[in-house]
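Understanding the architecture of this molecule
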Amino acid sequence: MKNLQSKIAIAAIISICGFALYAKPAKNEPNKNGAKVPYKTLKITKDGVEVRKGGFGSDACAYPGDSSKFYLITDRGPNIDYKGANGKGKLFPVPEFNPEIGLFQIKKDGSVKLLKTIGLKAPDGKKITGLPNPKGKGATGEIAYDLNENLLGLDEYGLDNEGLVAMKDGTFWVSDEYGPHIVHFSAKGKELERISPYGMTTNGRKIPAVLANRRANRGMEGLAKTPDEKYLVGIMQSTLYNPSKKEIVNNRLIRIVKFEIATGKTWQYLYQQNKETDSCCGITALTNDEFIVIERDGNFSGEKEAHKYLFKINLTGATDVNGDMTAEKGILIDGKTLEQCTQSELLDSGITFVKKELITDLVATINYGHDKLEGLWLLNDNTICVANDNDFALIEKDNKLCQKILPGTETPEDDVIYSVKF
């Protein structure tokens, strides 16, 4: 641990050296203390809990052609973990919520303005929800309840959207945690194609079947495009339960998936997560092979030891472990899945992991105080912007819907974006 802290300290010095982290922000950069994302009150429950219409921060991406603008995507909708009469699941206080993409602009004073929202829609143009998918189409086994503990229905086109990419032609690609799915949307938010481990599109394009072993709520958390727009690169949030939760050995093994948009060809690479973090929650491209990824824990720095890392990774030289696209367990080593092997066993088999290099720990460099660091994009050649997911200002306590308060304050947590020089 001391070794890692030394590396973080060095990285913090490097990131500040020559780029004054808290200098007066340049034109169209978030102010030094972060810029709050606008929100509206969606609902106030009978217990006085405010459900905020916002929830922007599940991911972020640059707006092609104008660095002052950027996109944020909401989570699937307001929800908390909930144990009801029919078993463990999720409570949705606003089950009809339509997940949406927001276009924002950083103003000259460093504040953020919402320019428009784009609601996500099914192929027939009907608004989707964030309710779970049916069996065979991305089901996680989650039971959905409303505020009165009534069972809610399923949504074939529902998304637990997490990753976001904006293309130069105005369309979007979104990855999610249900299937996981990678979905192509028009500029107006209408679904054009849905690619999943199940082959849900008419042309049969798929992502590897093994990804269906994702842990519920921990699917494809981040999505990026390469600068030439030929490839999508997605990162899973956590280790697959492959073949099951009890049977995995390496619980810090993360899969990165590369998808060629024109042909549907895929590659998979292995990434080793740090032991003090529990999630990989965002990815953006520097080049066709180099990316920045978020690796974090789920702690508030004001309450517990917290780690919110940015790593630079390089896919060059990493072993493609894709194998048979239709194999439900993926490639095997001596009869074991990759997740059933130790890191030493994987290395001894000749597998080369993705190279990673610490850029900074945001807790150390900007005193980052949020629990869920999830979105990032490049503002310019030496500036990264990051965004948190505030969970619609909701949290679960003792199986009840409660207000999510940022530690050290008396107000509900906001979605806030920060800029970091590197």
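Look up: the structure comes first, before these words.
In short, a report on the structure. Source: prediction; values computed, not measured.

Scoring rules and cut-offs
Residue positions are counted from 1 within each chain, in the order its sequence is given. The predicted origin of the model limits local features to residues at a pLDDT of at least 70 and limits the giving and counting of side-chain atom pairs to 80 or more, whereas totals for whole chains, interfaces and linings rest on all residues. To obtain the side-chain values, all non-hydrogen atoms of the structure were included, while hydrogens and water were left out. Under the scheme applied here, a residue whose accessible area is under 20% of the maximum for its type counts as buried, over 50% as exposed, and between as partly exposed, the area being computed with a 1.4 Å probe on protein chains only. Strands are runs of DSSP state E lasting at least two residues, helices are runs of H or I lasting at least four, and both sets are numbered from the N terminus onward. Paired strands are those between which DSSP finds at least two bridges. Whenever a nitrogen or oxygen atom comes within 3.5 Å of another N or O atom, the pair is scored as a polar contact, on the condition that within protein one atom can donate a hydrogen and the other can accept it, and that pairs from neighbouring residues in sequence are kept only if both atoms are in side chains. Any two residues whose heavy atoms approach within 4.5 Å are treated as being in contact. Like charges within 9 Å and nonpolar side chains (Val, Leu, Ile, Met, Phe, Trp, Tyr) within 5 Å are joined into patches, using only residues over 30% in relative accessible area that form no salt bridge. Computed with a 1.4 Å probe, the accessible areas rest on the Shrake-Rupley method; for each residue, only the protein chains presented here act as cover. Salt bridges, as used here, are contacts in which a Lys or Arg side-chain nitrogen is within 4 Å of a carboxyl oxygen on Asp or Glu. Positive charges come from Lys and Arg, negative ones from Asp and Glu, while His and the chain ends are left out of the count. Taken as the charge location is NZ of Lys, CZ of Arg, CG of Asp or CD of Glu.

Side note on the pairing of strand S14 (residues 191-195)
- Most of S14 is tucked away, with four of its five residues classed as buried.
- For strand S13 (residues 182-185) and S14, the ladder comprises four bridges, and the chain directions are antiparallel. Opposite His184, over in S14, you have Glu193 as the bridge partner.
- Linking two consecutive strands that pair antiparallel, namely S13 and S14, is a turn of five residues; a positive phi of about 90° is found at Gly189 within it.

A short note on the sheet that holds strand S26 (residues 383-388)
- Spatially, S1-S29-S26-S25 is the arrangement adopted by the four strands of the open sheet, whose pairing is antiparallel. Each having just a single partner strand, strand S1 (35-36) and strand S25 (373-380) make up the two edges of the open sheet.
- Where S1 lies against strand S29 (residues 416-421), two bridges are found, and the strand directions are antiparallel. From the neighbouring strand, Lys36 faces S29, where its bridge partner is Val416.

Quick notes on the side chain of Glu50
- Along the chain, Glu50 turns up in strand S3 (residues 50-53).
- Glu50 gets classed as buried once you look at its relative accessible area, which sits at 14%.
- Of note is the side chain of Glu50, whose polar atom sits 2.6 Å from the side chain of Thr41.
- At 3.4 Å, the side chain of Glu50 and the side chain of Arg52 are in polar contact.
- Among residues more than four places away in sequence, those in contact with Glu50 are Tyr39, Thr41, Lys43, Ile44, Phe392, Ala393, Leu394, Gln403 and Pro412.

Quick word on a positive patch on the surface
- Residues Lys83, Lys88, Arg215 and Lys245 make up a contiguous surface patch of positive charge.
- In this fold, Arg215 is placed in the loop between S14 and strand S15 (220-225).
- Since its relative accessible area comes to 30%, Arg215 is described here as partly exposed.

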